[in-house]
Every structure is written in structure tokens, then in C-alpha cells.
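Below are the chains, spelled out letter by letter.
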Amino acid sequence: MFYAISGQASNRYKYVVLDHGYYEIERLECSDCGRTYQKCQMVYWPPEMRLEGGKRYPDFLSVSVPFEDKCGIIVSRKVLDAFLNENVTGFLATPIDIKVDRSIKLEDVPQYFYLTVTGRISLDYAAMRYRKKNVCSTCGSYVWSRQKVGESALDHGSWDGADLCCLTDFPNFVICTQRVINLVRAYKFKGACMRSSSELFMPLKAVKIC
């Protein structure tokens, strides 16, 4: 079983905000198809981050970045230690500093780590009857065959075997195995939610893990 795992949207928990100065957007016109497309150029990494929102510090924080090789999720040291001890695969961990309001005691803020997700899995486009159309071989622009995705399906044959994966074509979706969900429950980590592999594009179906 596979699931999308993400930080839980709740006014009880803090959430992370990125300073978008870490990249620049250049808008270009394709000489072949004539479409305007965007190209993102990284200025620095990791982004500057700050915590906002509720009073509780979650163990999982979601982020969205425009660079496929940098997509991932933020976790507390407790989560990282558990993942390492349990040999969870599919990530590279980097310690990060997250800014907080001056009224907050720094000793109360957990140490967070950015997990760059290295595993990969793709959608089963044939099963979903979902495909790319009008693909430009020059700039790579395309449109999807329909705007509403509906139910999703994963191509298990594309899975590289990692416990944590980015979804091909939608790399800010972090996909995990049942094993990861079981660990979150066993260690009682807070602030994470999940959606089944058939509900990846249905955010209202997300449920907290524990």
C-alpha cells in the first residue's frame, strides 16, 4: 500500500513559510510552439524559513518547491532518528534553521531537518485514462487531457523500492509505503496526515495519522 504523506493543516500546529527569494523566474517564449513557459533559476539553497500559526510544534511540515531534485518534507529530529534506526529508505537529510518570533524561546523549538526525497514512483496513466497532449519537443510544454484528475492510480512497476518517493510529474507529492505509516503510528508522531493512492488529488480526503 502507498499513501501521500504531508503535514497536517490545523490551527493547533505551526506551519512553515518560505522566503521565495531563493529562486528567480524567467518567462520565455518557445521558438517552436510559440507558448510562453517559465524557467526557474536557483539563487541559493536551502530557502530561508519561518514558523507561523498555532502553538504546537509538529513532527512533519510540508513545503512546495519548484525544483524536482529538491522536493521533500521537513521533519523533527525525533522522526529522523526513528527513520534512521528503522532503516527507512529514499531520502537525504539536512539540518535546517527555521526562524521564529522573538517572543518564542529557542530552546522550545525542535531541531528540524529537510528530507530531500530521492525515491521515485509514477502514476499509472493508462489506468487513469490521463495523458499529456500537445507536447513540445523543444521547450517541454504540454497540457493534460483533462483538468480534473479524479481518482488516481500508481504504476507499481515504476517504483524504485524506496520507502519515501516523489511522484513523477508532481514531485511535491511525497509518497510513502505502509511501513512509514506504521512507524508514524508506533512512535506517535504528530502533525502528519495521509491520503490513499487513489485519492492523491483529493486534499479533502486527507486524514491525520495519529
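A quick note: this is a predicted structure, and the numbers were derived from the prediction, not measured.

> Just to check I follow, could you spell out the nonpolar core for this structure?
For soluble globular proteins, nonpolar side chains are generally found buried alongside one another. Of all hydrophobic cores here, the largest spans 44 residues; its most connected members are Val 16, Phe 60, Ile 74, Phe 83 and Leu 164. Here the element with the most residues in this core is strand E10 (residues 112–117); it accounts for five residues. Excluding its chain neighbours within four sequence positions, the residues that come into contact with Phe 60 are Ile 5, Gly 7, Ile 73, Ile 74, Val 75, Val 79, Phe 83, Val 184, Phe 189, Lys 190, Gly 191 and Ala 192. Formed by 15 residues, the second largest nonpolar core is a distinct cluster that contains Phe 2, Ala 162, Phe 170 and Ile 175.

> Just to check I follow, could you spell out the pairing of strand E15 (residues 164–167) for this structure?
Looking along a regular strand, one sees side chains alternate from face to face of the sheet. Judged by which residues are buried, E15 turns out to be covered on both faces: Leu 164 and Cys 166 on one side and Cys 165 and Leu 167 on the other are all buried. Here strand E11 (residues 119–123) runs beside E15; their pairing, made up of three bridges, is parallel. Following the sheet pairing, Gly 119 is matched in E15 by Cys 165. As paired strands, E15 and strand E16 (residues 170–177) are joined by four bridges and run antiparallel to one another. Residue pairing for E16: Leu 167 is matched across the bridge by Phe 170. Once E15 ends, the chain turns through two residues before running back antiparallel as E16, passing Asp 169 with a positive phi of about 75 degrees.

> Explain the environment of Thr 168 to me, please; I cannot follow it from the model alone.
Mapped onto the elements, Thr 168 comes out in the loop between E15 and E16. Beyond its immediate chain neighbours, meaning those up to four positions away, Thr 168 contacts Ile 121, Ser 122 and Tyr 125.

> Which parts of the structure should I look at to understand the sheet that holds E11?
Sheets are built from strands that pair by backbone hydrogen bonding, the pairs being arranged parallel or antiparallel. The mixed open sheet is built from seven strands, whose spatial order is E14-E11-E15-E16-E1-E17-E18. Two strands lie at the open edges of the sheet, namely strand E14 (154–155) and strand E18 (207–208), each paired on one side alone. Of the pairings in the sheet, the one linking E11 to E14 comprises two bridges and is antiparallel in character. By the bridge assignment, Leu 123 is partnered in E14 with Leu 154.

> Got a minute to help me understand the packing of aromatic side chains in this structure?
Think of a pair of aromatic rings as described by two things: how far the centres are apart, and how the planes are tilted against each other in angle. Applying the stated rule across the entire model yields 17 aromatic pairs. Seen in terms of ring centroids, Phe 170 and Phe 201 are 5.0 Å apart; in terms of plane orientation they differ by 75 degrees. Their pairing is edge-to-face. One end of the pair, Phe 170, is in strand E16; the other, Phe 201, is in the loop between strand E17 (192–196) and E18, with 31 residues separating them in the sequence. Overall, Phe 170 belongs to the buried group, its relative accessible area being 18%. Ring pairing ties together the aromatic residues Tyr 125, Tyr 130, Tyr 142, Trp 144, Phe 170, Phe 173 and Phe 201, which thus form one cluster. Positioned over the ring face of Tyr 142 is Lys 132, at 4.5 Å from the centre of the ring.

> How should I be thinking about the pairing of strand E4 (residues 36–42) in this particular structure?
Alignment of strand E3 (residues 23–29) against E4, held across seven bridges, turns out to be antiparallel. Its bridge partner being in E4, Tyr 23 is matched across the sheet by Met 42. Between E3 and E4, which pair antiparallel and follow one another directly, the connecting turn spans six residues, one of which, Gly 34, has a positive phi of 80 degrees.

> Looking at this model, I keep getting lost on a positive patch on the surface. Mind explaining?
There is a patch of like positive charges on the surface, built from Arg 12, Arg 56, Lys 188, Lys 190 and Lys 208. Of the residues examined, Arg 12 reaches a relative accessible area of 34% and is grouped as partly exposed.

> What is the right way to look at the pattern of salt bridges in this model?
Once the charged atoms of two side chains with opposite charge are near each other, the side chains can pair. Using the criterion set out here, one finds five salt bridges in the structure. Put simply, Glu 48 and Lys 99 hold a salt bridge, and the shortest N to O gap is 3.7 Å. A residue pair is termed long-range when its members are at least 10 positions apart, and Glu 48 in the loop between E4 and strand E5 (49–53) and Lys 99 in strand E9 (residues 98–99) qualify at 51 residues.

What counts and what doesn't
- Residues numbered from 1 in each chain as written.
- Predicted model: local features only at pLDDT ≥ 70, side-chain atom pairs only at ≥ 80, totals over all residues.
- Heavy atoms only, no water.
- Core = buried A, V, L, I, M, F, W, Y, C linked by side-chain atoms within 4.5 Å.
- Buried < 20%, exposed > 50% of the residue type's maximum accessible area, 1.4 Å probe, protein only.
- Helix = DSSP H or I, 4+ residues; strand = E, 2+ residues; numbered from the N terminus.
- Contact = heavy atoms within 4.5 Å.
- Pairing = 2+ DSSP bridges.
- Phe/Tyr/Trp six-rings, centres within 6.5 Å; stacked < 30°, edge-to-face > 60°.
- Lys NZ or Arg CZ within 6 Å of the ring centre and 35° of its normal.
- Patch = residues over 30% accessible without salt bridge, like charges linked within 9 Å, V, L, I, M, F, W, Y side chains within 5 Å.
- Areas by Shrake-Rupley, 256 points an atom, 1.4 Å probe, with all protein chains shown as cover.
- Salt bridge = Lys/Arg side-chain N within 4 Å of Asp/Glu carboxyl O.
- Lys, Arg positive; Asp, Glu negative; His and termini not counted.
- Charge placed at Lys NZ, Arg CZ, Asp CG, Glu CD.

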